[in-house]
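Here is how the chains run, residue by residue.
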Amino acid sequence: MPDLLELTGVSASYGRIQALSGVSLSVPEGSIVALLGSNGAGKTTTLNAISRLVPVQSGNIRFDGKPIESMASHRVVEGGVVQVPEGREVFRDMSVRENLEMGAYRRKDPKSVRADFERILDYFPKLRERLQQRAGTLSGGEQQMLLIGRALMARPRLLLLDEPSLGLSPVLVQQIFGFIDRLNKDGLTILLVEQNAAVALSTSSYAYILENGELALQGASKELRHDDSVRRTYLGH
Ligand SMILES: Nc1ncnc2c1ncn2[C@@H]1O[C@H](COP(=O)(O)OP(=O)(O)OP(=O)(O)O)[C@@H](O)[C@H]1O
Ligand SMILES: [Mg+2]
């Protein structure tokens, strides 16, 4: 059985900047896989290649066994691959409710959209209290919850999360990762991009480390946590 997501030898460039070179990784159904690396390593580019927001120069991307490396981005989303972008881009002038509804705008199943809306508010009770509030006035942690909630409204089979811990206090990071863990336990497959290696390695089952657009290291997260070079470079020990 193929894994839910499989990248084989994927390269991508921005003009003359080679951002990814021959990256191969896979995400088994039901797992959380982490993609780590320092600034500019190519993490966001990897997610954007999967979402079809940057062109794939060479290599293959398979989702659920089917090639998607040449698909239009909206079709990838409809197929169940949904990305939560880096840097908390909520629709600031829209209410929390409208932001969540935007996540479902391509869906044509109003009944199950309503059911998902309620389910998501059960996950994030803070958002339920603030449905009418303008999203731009939410706290950083609440905006991150809203972004994840909005992505869930699109019914993902695979969630691509780009640095959910960015700019959040340690308490909020714990809280967000608590939600991520729960979503996964309820069956959602997640590819998690993080600079916070400590929290990512304790949440994921397997991890890949990118350096300068190439895979430098991979392994079971449990083992990478005890790897000397990982501890020195990414865990600050
Ligand atoms: N739109 C773009 N145009 C030109 N170069 C880009 C563009 N986006 C990214 N790059 C370059 O590609 C490389 C990889 O960038 P990428 O955003 O994938 O890194 P990242 O691992 O997500 O970093 P960070 O942790 O800072 O978000 C970097 O050298 C970056 O400068
Ligand atoms: Mg990035």
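In this text the structure is predicted, and so the values were computed from the model without any measurement.

Next up on the list: the side chain of D162. Relative to the assigned elements, D162 resides in strand 7 (residues 158-162). Look at D162: it is buried, it has no salt bridge, and the nearest opposite charge is K43 at 6.7 Å. Within polar-contact distance, the side chain of D162 engages the side chain of T44 at 2.8 Å. With residues up to four places along the chain from it excluded, the contact list for D162 reads T44, L47, V84, P85, E86 and V193.

Glancing now at the pairing of strand 7. On a regular strand, each side chain points to the face opposite its neighbour's, so the side chains alternate between the two faces of the sheet. Of all five residues that make up strand 7, five are buried, and the element is covered over most of its length. Burial of strand 7 is two-sided: the residues L158, L160 and D162 facing one way and the residues L159 and L161 facing the other way are all buried. The pairing of strand 6 (residues 81-84) with strand 7 spans four bridges and is parallel. Looking across to strand 7, one finds that V81 is bridged to L158. For strand 7 and strand 8 (residues 189-194), the ladder comprises five bridges, and the chain directions are parallel. Among the inter-strand pairings, L160 is bridged to a residue of strand 8, identified as L191. Viewed along the sheet, the connection from strand 7 through helix 7 (residues 170-185) into strand 8 turns out right-handed.

Let's shift gears to the packing of helix 6 (residues 140-152) against helix 7. Two numbers describe how helix 6 lies on helix 7: the axes approach to 10 Å, and their chain directions differ by 15°. Judged by the inter-axis angle, helix 6 sits roughly parallel to helix 7. The chirality of how helix 6 crosses helix 7 is right-handed. Contacts between helix 6 and helix 7 involve G141, Q144, M145, I148 and L152 from the former and L172, Q175, I176, F179 and L183 from the latter.

Each pair of donors in an ideal octahedron of six around a metal sits at 90 or 180 degrees, and each pair in an ideal tetrahedron of four sits at 109.5 degrees. Looking at the magnesium ion (ligand 2), the protein donor atoms are T44 (OG1) and E86 (OE), and they sit 2.0 to 2.6 Å from it. A residue pair is termed long-range when its members are at least 10 positions apart, and T44 in helix 1 (residues 43-50) and E86 in the loop between strand 6 and helix 3 (96-102) qualify at 42 residues. We classify T44 as partly exposed; its relative accessible area is 24%.

So, about helix 1. Among the eight residues in helix 1, seven count as buried, and that is most of the element. Taken as a whole, helix 1 has its buried residues at K43, T45, T46, L47, N48, A49 and I50. Backbone geometry just downstream of helix 1 places R52 in the positive-phi region, at approximately 70°.

Another aspect to go through is the site of ligand 1. Looking at ligand 1, there are 14 residues lining it, with N39, K43, T44, T45 and E86 nearest. At 2.8 Å, a backbone N or O of G40 approaches an oxygen atom of ligand 1. Take G42: an N or O atom from its main chain is 2.9 Å from an oxygen atom of ligand 1. Elements supplying a minimum of two residues to the shell around ligand 1: strand 2 (17-27) and helix 1. Ranked by residue count, the leading element in the shell around ligand 1 is helix 1, at three residues. Of the residues contributing to the shell around ligand 1, the split by class is four nonpolar, seven polar and three charged.

Now for the packing of aromatic side chains. This structure, assessed with the given rule, holds three aromatic pairs. Here the aromatic cluster, defined as three or more aromatic residues joined through ring pairs, consists of Y123, F124 and F179.

A separate point is the nonpolar core. Membership of the largest hydrophobic core comes to 49 residues, with the highest contact counts inside it found for L36, L100, F124, L146, L161 and I190. What L161 contacts, discounting residues up to four positions off in sequence, is L47, V84, I148, I180, I190, L191, L192 and V193.

So, about the pattern of salt bridges. Pairing between side chains becomes possible if they bear opposite charge and their charged atoms approach one another. Tallying each qualifying case throughout the model produces 15 salt bridges. In this structure, R97 and E101 form a salt bridge, with 3.9 Å as the shortest nitrogen-oxygen distance. A residue pair is termed a helical-turn pair when its members lie 3 or 4 positions apart in one helix, as R97 and E101 do in helix 3 at four residues. Here R130 makes a salt bridge to E129, at a shortest N to O gap of 3.1 Å. Several salt bridges share partner residues, and in doing so they unite R107, D109, D116, R119 and R155 into one network.

On to the sheet that holds strand 6, then. Reading across the sheet, the six strands line up as 6-7-8-3-9-10 and stay open at both edges, with mixed pairing between neighbours. Whereas interior strands pair on both sides, the edge strands pair on one side only; in this sheet they are strand 6 and strand 10 (214-220). Here the average twist between neighbouring strands, direction ignored, is 15°. Sheet topology places strand 3 (residues 32-36) next to strand 8; five bridges connect them, and they run parallel. If you follow L35 over to strand 8, its bridge partner there is V193.

Quick notes on the rules
- Residues numbered from 1 in each chain as written.
- Chains lettered and ligands numbered in written order.
- Predicted model: local features only at pLDDT ≥ 70, side-chain atom pairs only at ≥ 80, totals over all residues.
- Heavy atoms only, no water.
- Helix = DSSP H or I, 4+ residues; strand = E, 2+ residues; numbered from the N terminus.
- Buried < 20%, exposed > 50% of the residue type's maximum accessible area, 1.4 Å probe, protein only.
- Lys, Arg positive; Asp, Glu negative; His and termini not counted.
- Salt bridge = Lys/Arg side-chain N within 4 Å of Asp/Glu carboxyl O.
- Polar contact = N/O pair within 3.5 Å; in protein donor to acceptor, adjacent residues only side chain to side chain.
- Contact = heavy atoms within 4.5 Å.
- Pairing = 2+ DSSP bridges.
- Right-handed = clockwise from strand over helix to strand, strands pointing away.
- Axes fitted to C-alpha atoms, helices over the stretch in contact; angles between N-to-C directions.
- Parallel < 35°, antiparallel > 145°, perpendicular 65-115°, else oblique.
- Left-handed = near helix turned anticlockwise from the far one by under 90°.
- Donors = N, O, S within 2.8 Å, 3.2 Å for Na, K, Ca; no water.
- Near = heavy atom within 4 Å.
- Nonpolar A, V, L, I, M, F, W, Y, C, P; charged D, E, K, R; others polar.
- Phe/Tyr/Trp six-rings, centres within 6.5 Å; stacked < 30°, edge-to-face > 60°.
- Core = buried A, V, L, I, M, F, W, Y, C linked by side-chain atoms within 4.5 Å.

None of this, on its own, says anything about what the molecule does.
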